[in-house]
Amino acid sequence: MDFPERFSNLPEYAFPRLRALLDSHEPGGDVLAMSIGEPRHPMPEFVGDVIAQSLGEFGKYPANDGTPELLDAISDWLKRRYSVEIGPDRIMALNGTREGLYNAAMALSPEQKRGKTPVIAIPNPFYQVYAVAAAAVGAEPVFVPAGADTGFLPNYAALPAEVLDRITVAYLCSPSNPQGAVASREYLADLLHLAEKHDFSVFADECYSEIWREAPPPGAAQVAAEEGIDPERVVIFHSLSKRSNLPGLRSGFLAAGPQSIKHIRRLRAYAGAPLPQPLQRVAERAWADEAHVTENRRLYAEKYEIAGQIFDGVDGFQLPQGGFFLWLPIEDGEAAALKLWTETGIRVLPGAYLAREVNGENPGQKYIRVALVAPKAETQRGLMQLRDCLYG
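Residues numbered from 1 in each chain as written. Predicted model: local features only at pLDDT ≥ 70, side-chain atom pairs only at ≥ 80, totals over all residues. Heavy atoms only, no water.

S.K.: Residue-level account of the UniProt feature "domain: Aminotransferase class I/classII large" (unreviewed entry) in the chain, with values.
M.R.: As annotated by UniProt and renumbered to match this structure, "domain: Aminotransferase class I/classII large" (unreviewed entry) occupies residues 30-372. Along residues 30-372 one finds 38% helix and 16% strand; the C-alpha atoms at either end are 17 Å apart. (UniProt positions renumbered as here; feature names shortened; annotations may be inferred. Helix = DSSP H or I, 4+ residues; strand = E, 2+ residues; numbered from the N terminus.)

S.K.: Got a sec to walk through unusual backbone geometry? Specific residues and values, please.
M.R.: For the bond running from Ser 174 to Pro 175, omega is -10 degrees, close enough to zero to count as cis. Residue placement: Pro 175 occurs in the loop between β5 (167-173) and α7 (185-198). A cis amide bond links Asn 177 with the next residue in sequence, Pro 178, at an omega value of 25 degrees. Here Pro 178 lies in the loop between β5 and α7. The backbone phi angle of Phe 152 is positive, close to 60 degrees, even though this residue is not glycine. Looking at the secondary structure, you find Phe 152 in the loop between β4 (140-145) and α6 (161-164). By relative accessible area, Phe 152 is classed as buried at 9%. Phi angles above zero are rare outside glycine, and Asp 199 is one such case at about 60 degrees. Among the secondary structure elements, Asp 199 is positioned in the loop between α7 and β6 (201-205). Owing to a relative accessible area of 41%, Asp 199 belongs among the partly exposed residues under this scheme. (Buried < 20%, exposed > 50% of the residue type's maximum accessible area, 1.4 Å probe, protein only.)

S.K.: Lay out the sheet that holds β6 in plain terms, naming residues and giving numbers.
M.R.: What the seven strands build is an open sheet, ordered β2-β8-β7-β6-β5-β3-β4; its pairing is mixed. Two strands in the sheet have a free side with no partner beyond their single neighbour: β2 (91-94) and β4. Averaged over all pairs of adjacent strands, the angle between their axes in this sheet comes to 20 degrees, without regard to strand direction. Here strand β7 (residues 234-239) runs beside strand β8 (residues 252-255); their pairing, made up of four bridges, is antiparallel. Residue pairing in the sheet places Ser 239 in a bridge with Gly 252 of β8. Sheet contacts for helix α3 (residues 68-82): β2, β7 and β8; angle to β2, the most-contacted strand, approximately 110 degrees. Of the strands in this sheet, β5, β6 and β7 are in contact with α7, which crosses β5 at around 170 degrees. (Pairing = 2+ DSSP bridges. Axes fitted to C-alpha atoms, helices over the stretch in contact; angles between N-to-C directions. Contact = heavy atoms within 4.5 Å.)

Take a look at the structure:
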C-alpha cells in the first residue's frame, strides 16, 4: 500500500535514535537517565484527593474545550502571572501541549499565502513537533539557527523579505528547549511587530516558563497586550508537566485571539482528544496553587548551583536562564554520549538529534543535552562523573 510522502523525510525521533546508539553497548556503571525531560520532583499532594473526589466523572464524556472551572482557573492564573486579561472564551484545555502545538498549525496555517507555498519558521534546534506540524499542513519548514551567536534564540528578522512574506507561523520556545535561553521583552516585542509587518502568527511555546533562575520570563501575550499587537498574532502554549511535575497528567492549554480560538476549537470538535474530567479537576486545582511551583523552583535552583560549581571553567559553558536542561558544548555530541554511556552508565542526548542539518551544518552537533530532573544527590553524582569523563 502507499503511504503519505509528506512524512517520508522525517528522521527517526530522538529517543529511538538514542537507543540505537547506546543499547547494543553495556553501560559502564550504574545507569542514570539524564536524557529525557521527565520531571522527578514530587507532584502536588492534592492530586490523589482531587481524583478520588471526582472519580465518578470518568463515567462522563469530558468537556471538549475544558470545564468552565478549569478555564476560569487558567484565566485567573494568566492575570496573576502576566497581568494580562484573557477570558475563558479565548482559552482551550489541551491533552498535553504537544497536541496543541500540532493542531493549532492545522487550524490556522492556510494552504497558500500570497499565491505561494506557505512557510513555517522553526528555531534550530527545536522541539520536534514543530517540524511535523509544518509537514502536515504542506508548509515549507525554514530552520533558523539558534546558536550562541544569537543568544540561542532564532533571529527571524534576518530572513529574506520574500521568506518573511510567506511565513504563516513562527514557533518560539522561551525558555528554550534545549538551550534554556529566555526571550527578553525587547526580543518578543520585535518579533511581534515583525509578525504584524509580514502578516504571520507567533506560536509561543512557554511550557518551561515557571522554571527560571533569576527572574520570571516575560510572556508573548503579555508583551502583545503592552505593545497593542493584534491578539490574533499570538497563540501561547502552557503545560503542567514541568510547572507542576505532572507529565503523566497530559494537561496543558493554549490561548489565542477570538478568531483563532474559534478555528482551533472547531477542529478540536472533530479531531480532538479532550482531557478526562477528573484530570481537568486536578488541572484546575494546580493552576490555582503556587506553593508547589515555588518549591519546585527551589529544588531546581539547588541543582543550577551544583551545575555551576561543577562546570566552572569549562570553555563555552553557561547556566541556562530557565528550564531544566544543560546544553553542554562538546566536540562531537554522539561520540560523547556513547563514551559517557560505556564508561559511566549515564545517558544523555546528542544535540544533533534535536536539530536539522541546513547547508551542511547541524547546530546541535557539538552539544549534548543533559536533563537536571533527578533528585539532587543523583544529579550531583551524574554531573561530576560527566565532567570527569568528558572534560577531564
